[in-house]
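The lines below spell out each chain.
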Amino acid sequence: MATLIDPDFRARLRALNEKYAAGVPALLQAITQASSRCDSEGPRLEPLTELHRALHAVAGSAATFGFAALGQECRRIEQLVRAMLNAPAQAVAEWPGVRAQVTALLGWAGRDAAATDFIA
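Residues numbered from 1 in each chain as written. Predicted model: local features only at pLDDT ≥ 70, side-chain atom pairs only at ≥ 80, totals over all residues. Heavy atoms only, no water.

**With respect to the overall build of the protein chain**
Right, on to step 1. From N to C terminus, the protein chain includes four helices and zero strands.
Right, on to step 2. For the protein chain, the N- to C-terminal ordering of α and β elements is α-α-α-α.
Right, on to step 3. The C-alpha extent of the protein chain, read off along each of the three principal axes, is 65 × 25 × 20 Å.
Right, on to step 4. Sorting the 120 residues of the protein chain into buried and exposed places 33% on the buried side.
Right, on to step 5. In the protein chain, the share of contacts with a sequence separation of at least 24, taken over all contacts with a separation of at least 6, comes to 58%.
Right, on to step 6. With the model as given, the accessible surface of the protein chain reaches about 7,200 Å², and the carbon-plus-sulfur share is 60%.
Right, on to step 7. Taken as two groups, the 12 positive and 12 negative side-chain charges of the protein chain have centres that lie 2 Å from each other. (Helix = DSSP H or I, 4+ residues; strand = E, 2+ residues; numbered from the N terminus. Buried < 20%, exposed > 50% of the residue type's maximum accessible area, 1.4 Å probe, protein only. Contact = heavy atoms within 4.5 Å. Areas by Shrake-Rupley, 256 points an atom, 1.4 Å probe, with all protein chains shown as cover. Lys, Arg positive; Asp, Glu negative; His and termini not counted. Charge placed at Lys NZ, Arg CZ, Asp CG, Glu CD.)

**Considering a nonpolar patch on the surface**
Right, on to step 1. On the surface, Phe9, Leu13 and Leu16 cluster together into a nonpolar patch covering about 260 Å² of accessible area.
Right, on to step 2. Along the chain, Phe9 turns up in helix H1 (residues 9-41).
Right, on to step 3. We classify Phe9 as partly exposed; its relative accessible area is 43%. (Patch = residues over 30% accessible without salt bridge, like charges linked within 9 Å, V, L, I, M, F, W, Y side chains within 5 Å. Salt bridge = Lys/Arg side-chain N within 4 Å of Asp/Glu carboxyl O.)

**A look at the packing of H1 against helix H2 (residues 45-61)**
Right, on to step 1. Where H1 meets H2, the axes come as close as 8 Å, and the angle between the chain directions of the two elements is 160°. When the axes of H1 and H2 are compared, the pair comes out roughly antiparallel. For the element pair H1 and H2, the recorded crossing hand is left-handed. Two secondary-structure elements touch here, H1 through Tyr20, Leu27, Ala30, Ile31, Gln33, Ala34, Ser35, Arg37, Cys38 and Glu41 and H2 through Glu46, Pro47, Leu48, Glu50, Leu51, Ala54, Leu55, Val58 and Ser61. (Axes fitted to C-alpha atoms, helices over the stretch in contact; angles between N-to-C directions. Parallel < 35°, antiparallel > 145°, perpendicular 65-115°, else oblique. Left-handed = near helix turned anticlockwise from the far one by under 90°.)

**Things to note about the side chain of Glu78**
Right, on to step 1. Within the secondary structure layout, Glu78 lies in helix H3 (residues 68-86).
Right, on to step 2. Polar contacts involving the side chain of Glu78 include one to the side chain of His52, which spans 3.3 Å.
Right, on to step 3. Once you skip the residues sitting within four places of it in the chain, Glu78 turns out to touch His52, Leu55, His56 and Ala59. (Polar contact = N/O pair within 3.5 Å; in protein donor to acceptor, adjacent residues only side chain to side chain.)

**With respect to the UniProt feature "modified residue: Phosphohistidine" (unreviewed entry) in the protein chain**
Right, on to step 1. Here, UniProt's "modified residue: Phosphohistidine" (unreviewed entry) annotation points to His56.
Right, on to step 2. Summarising the element assignment, His56 is placed in helix H2.
Right, on to step 3. Look past the residues within four positions of His56 in its chain and what remains in contact with it is Arg75 and Glu78. (UniProt positions renumbered as here; feature names shortened; annotations may be inferred.)

**With respect to the nonpolar core**
Right, on to step 1. Within the largest apolar cluster, 30 residues are counted, with the highest numbers of intra-cluster contacts made by Ile31, Leu51, Leu55, Leu70 and Cys74.
Right, on to step 2. Counting residues per element, the ones that place at least two in this core are H1, H2, H3 and helix H4 (88-112).
Right, on to step 3. Here this core takes eight residues from H4, the largest share from any one element.
Right, on to step 4. When neighbours within four sequence positions are excluded, Leu70 is seen to be in contact with Val24, Leu28, Val58, Ala62, Leu105, Trp108, Ala109 and Ala113. (Core = buried A, V, L, I, M, F, W, Y, C linked by side-chain atoms within 4.5 Å.)

Next up, the structure:
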């Protein structure tokens, strides 16, 4: 009887996880650049949209590859940025608080993006 279990599944999954882990610095760099753009240009539509996309990319994939806390924190901040996009008149007032949270995220992820708990 043929088995339905792929004998190479775990090895391929491990390789995918390692590939994702190797790409985490680039994902964090995209968040950094988008956040810096919000600083320099102000939290306007285009830089906020760029930041939202960068956060969304991590939020949507991180948990799949063993970075659950990173994904959860990116999702939380992504939702804050989405609220700013939906209320652009309030974005300037809200940006410093969101910026502080992005900075905390980047600092934590720079130390250990695979940590199981987010500790700012």
